[in-house]
Amino acid sequence: MKIVAAKLIVCSPDRNFVTLKIETDEGIYGLGDATLNGRELAVASYLEEHVIPCLIGRDPFAIEDVWQYLYRGAYWRRGPVTMTAISAVDVALWDIKGKALHTPIYNLLGGKSRQGVLVYAHANGSDIPGAIESTKKLMAEGYLAVRVQCGVPGVASSYGVPKGSKPYEPAERGLPSENVWSTERYLNFVPQLFEALRREVGEDVHLLHDVHHRLTPIEAARLGKALEPYHLYWMEDPTPAEDQDAFRLIRQHTVTPIATGEVFNSFWDAHDLIRNQWVDYLRMTIVHGGGITALKKAADFAAVYQVKTGFHGATDLSPVTMAAALHFGLAIHNFGIQEHMPHTSLTDQVFPHAYRFDAGYMVPGDEPGLGVDIDERLAQKYPYQRAYLPIARKLDGTLTDW
Ligand code: EZ4
Ligand code: CO
């Protein structure tokens, strides 16, 4: 089998997605997600100008070799643009291989290790009663794990809290919007939120919370300690992780489990975190971390240290990535949990898929390959629209981590 063509489909069915479609001489094609939220066209151009020409004529079954060719062969390693482009190619090749061998990707990764993939949903409220109501609603839908974000009194706009009646969606069309931030108000408020939540929803449901990189290590340590009575499933991205050593300090102070890495794009971003057991869950996911090939190696390394996966799964990761993550999560032994932020029905129409939610778990379905397609004609009706993630400023105007 040979790769004969590859093309990009850039579309915006409610939000922007970049999709790579690789075609073979046997008529089988594969899909890969190349979406990098707010920097979509950089990846599209990287693939179009520098990668696609190198793929033509190659054997699509030689996934490891193609991966090394794009990683080592570029000379310039790592970085979100490069690694997202490599991911797209890698996932498309796994899709082709599954289809050619008539088997779902989870079988190529060792087969099922479990019946379903535990997922967590997003609850959000502008205040504590709203957050409780939103959590209860998701529990009634069958979710066994819920991430809870809440408006903070005295802070005009918070991460994870919708502005209107639509579900929360961080990226917005147009230029970046601005959020405000107060660490002091947040730190005083969050323990009250989880105290009220546990009182209302009981001890059984898994509760998670995303700090979204906004604290210093010692502030994160204080929050983790304060949240211990409410036994969170995890505290996410407590501090930026460029300095992996920063997590040592947090770890020394609290037994609240830690998840990090949705912005990582390389195993090396997580190496110290894992081998020192400073985190419990790795969030680096397939679309930004170099594909299934790279994540399998990272997950296997993590397994040795009892670190589990907890992949990013927000709406900026297309249904192609969601499917890949579900095959992956079904197969590997050290799977922990998968984020599930449902796409809009329009996104789902553009990407018909076999995966589904059932009673707190998701399954990828048993179709060969990924089990996801793209309706190109429908996609064409929704062209790319400039959109960005917001930025955040402290109350005095200082730009801070969003
Ligand atoms: O802000 O996906 O855990 N989920 C998150 C997301 C991220 C967006 C960024 O592209 O933190 O909401
Ligand atoms: Co997050």
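Up top you'll find the structure we're talking about.
Keep in mind it's a predicted model, so treat the numbers as computed, not measured.

S.K.: Would you mind going over the coordination of the cobalt ion (ligand 2) with me for this structure?
M.R.: Ideal values for angles at a metal depend on the geometry: 109.5 degrees with four tetrahedral donors, 90 or 180 degrees with six octahedral donors. The cobalt ion (ligand 2) binds to the protein through Asp 210 (OD), Glu 236 (OE) and Glu 262 (OE); the donor distances cover 2.0 to 2.2 Å. Ordering the donors of the cobalt ion (ligand 2) by residue number gives the pattern D-x25-E-x25-E. Highlighted residues: Asp 210 in strand S8 (residues 206–210) and Glu 262 in the loop between strand S10 (258–260) and helix H9 (271–275), separated in sequence by 52 residues. Taking relative accessible area as the criterion, Asp 210 reaches 2% and is therefore assigned buried.

S.K.: Can you walk me through the site of ligand 1 in this structure?
M.R.: Close to ligand 1 lie 15 residues; Asn 37, Tyr 159, His 212, Glu 262 and Asp 316 are nearest. Between Arg 283 and ligand 1, the recorded distance is 3.0 Å, taken from a side-chain N or O atom to an oxygen atom. Measuring from an oxygen atom of ligand 1, one finds a side-chain N or O atom of Asp 316 at 2.6 Å. When ligand 1 sits alone it has 320 Å² of accessible area, and the protein chains cover 95% of it. Per-class residue counts for the shell around ligand 1 are five nonpolar, three polar and seven charged.

S.K.: Is there a simple way to explain the packing of aromatic side chains in this structure?
M.R.: Given two aromatic rings, their pairing is described by the distance between the two centres and the angle made by the two planes. In the structure shown here, the tally under the stated rule is 15 aromatic pairs. Geometrically, the ring pair formed by Phe 17 and Phe 351 is edge-to-face, given 5.6 Å between the ring centres and 80 degrees between the ring planes. Of the two residues, Phe 17 is situated in strand S2 (residues 17–24) and Phe 351 in the loop between helix H13 (345–350) and strand S14 (356–358); the sequence distance between them amounts to 334 residues. Per residue, the accessibility class of Phe 17 equals that of Phe 351, and both read buried.

S.K.: I tried to follow a negative patch on the surface on my own but got confused; where do I start?
M.R.: On the surface, a cluster of negative charge is contributed by Asp 366, Glu 367, Asp 373 and Asp 375. Along the chain, the position of Glu 367 falls in the loop between strand S15 (361–363) and helix H14 (376–380).

S.K.: Which parts of the structure should I look at to understand the nonpolar core?
M.R.: Nonpolar side chains tend toward joint burial in soluble globular proteins. If you look at the biggest cluster of nonpolar residues, it comprises 124 residues, and the most contacted ones within it are Ile 22, Leu 47, Val 89 and Phe 194. In terms of residue count, the dominant contributor to this core is helix H3 (residues 80–100) (11 residues). If we skip the residues at most four places from it in the chain, Phe 194 touches Val 148, Leu 207, Leu 208, His 209, Leu 227, Tyr 230 and Leu 232.

S.K.: Help me out: how do you make sense of the sheet that holds strand S18 (residues 399–400) in this one?
M.R.: Within a sheet, each strand pairs with its neighbour through backbone hydrogen bonds, oriented either parallel or antiparallel. A sheet is described by the order of its strands in space; here three strands give the open sequence S7-S17-S18, paired in mixed fashion. Strand pairing shows two members of the sheet lacking a second neighbour, strand S7 (178–181) and S18, which therefore form its edges. In this structure, S7 lies alongside strand S17 (residues 391–394), joined through four bridges in parallel fashion. Within S17, the position partnered with Asn 179 by the bridge is Ala 392.

S.K.: Would you mind showing me how to read the sheet that holds strand S3 (residues 29–33) here?
M.R.: Strand order across the open sheet formed by three strands is S1-S2-S3, with antiparallel pairing between neighbours. Every interior strand has two partners, whereas the edge strands, strand S1 (3–11) and S3, have only one. Each strand of the sheet is rotated relative to its neighbour by a mean of 20 degrees, with strand direction disregarded. In this structure, S2 lies alongside S3, joined through five bridges in antiparallel fashion. Looking at the pairing, Glu 23 lines up with Tyr 29 of S3. Sitting on the sheet, helix H1 (residues 40–55) touches S1 and S2, and the angle it makes with S1 is about 170 degrees.

S.K.: Looking at this structure, how should I read the packing of helix H2 (residues 63–71) against H3?
M.R.: Helix-helix packing: each pair is described by the crossing angle between the helix axes and the interaxial distance. Packing of H2 against H3 brings their axes to within 10 Å, and their N-to-C directions diverge by 165 degrees. In terms of axis orientation, H2 runs roughly antiparallel to H3. Along this stretch, H2 crosses H3, giving a crossing that reads as right-handed. Residues Ile 63, Val 66, Trp 67, Leu 70 and Tyr 71 of H2 form the contact with H3, whose own contacting residues are Met 83, Ile 86, Val 89, Asp 90, Leu 93, Trp 94 and Lys 97. Partitioned by chemical class, the residues of the contact of H2 with H3 number 10 nonpolar, no polar and two charged.

S.K.: Can you walk me through the pairing of strand S13 (residues 335–339) in this structure?
M.R.: Two faces make up the sheet, and in a regular strand the side chains alternate between them. Along S13, five of the five residues are buried, which leaves the element largely enclosed by surrounding structure. As paired strands, strand S4 (residues 117–125) and S13 are joined by two bridges and run parallel to one another. Residue pairing in the sheet places Tyr 120 in a bridge with Glu 339 of S13. Sheet analysis places strand S12 (residues 308–311) next to S13, joined by three bridges and oriented parallel. Bridge pairing links Thr 309 to Phe 335 in S13. In terms of handedness, the path from S12 via helix H12 (residues 319–331) over to S13 forms a crossover that is right-handed.

About the criteria used
- Residues numbered from 1 in each chain as written.
- Chains lettered and ligands numbered in written order.
- Predicted model: local features only at pLDDT ≥ 70, side-chain atom pairs only at ≥ 80, totals over all residues.
- Heavy atoms only, no water.
- Donors = N, O, S within 2.8 Å, 3.2 Å for Na, K, Ca; no water.
- Helix = DSSP H or I, 4+ residues; strand = E, 2+ residues; numbered from the N terminus.
- Buried < 20%, exposed > 50% of the residue type's maximum accessible area, 1.4 Å probe, protein only.
- Near = heavy atom within 4 Å.
- Polar contact = N/O pair within 3.5 Å; in protein donor to acceptor, adjacent residues only side chain to side chain.
- Areas by Shrake-Rupley, 256 points an atom, 1.4 Å probe, with all protein chains shown as cover.
- Nonpolar A, V, L, I, M, F, W, Y, C, P; charged D, E, K, R; others polar.
- Phe/Tyr/Trp six-rings, centres within 6.5 Å; stacked < 30°, edge-to-face > 60°.
- Patch = residues over 30% accessible without salt bridge, like charges linked within 9 Å, V, L, I, M, F, W, Y side chains within 5 Å.
- Salt bridge = Lys/Arg side-chain N within 4 Å of Asp/Glu carboxyl O.
- Lys, Arg positive; Asp, Glu negative; His and termini not counted.
- Charge placed at Lys NZ, Arg CZ, Asp CG, Glu CD.
- Core = buried A, V, L, I, M, F, W, Y, C linked by side-chain atoms within 4.5 Å.
- Contact = heavy atoms within 4.5 Å.
- Pairing = 2+ DSSP bridges.
- Axes fitted to C-alpha atoms, helices over the stretch in contact; angles between N-to-C directions.
- Parallel < 35°, antiparallel > 145°, perpendicular 65-115°, else oblique.
- Left-handed = near helix turned anticlockwise from the far one by under 90°.
- Right-handed = clockwise from strand over helix to strand, strands pointing away.

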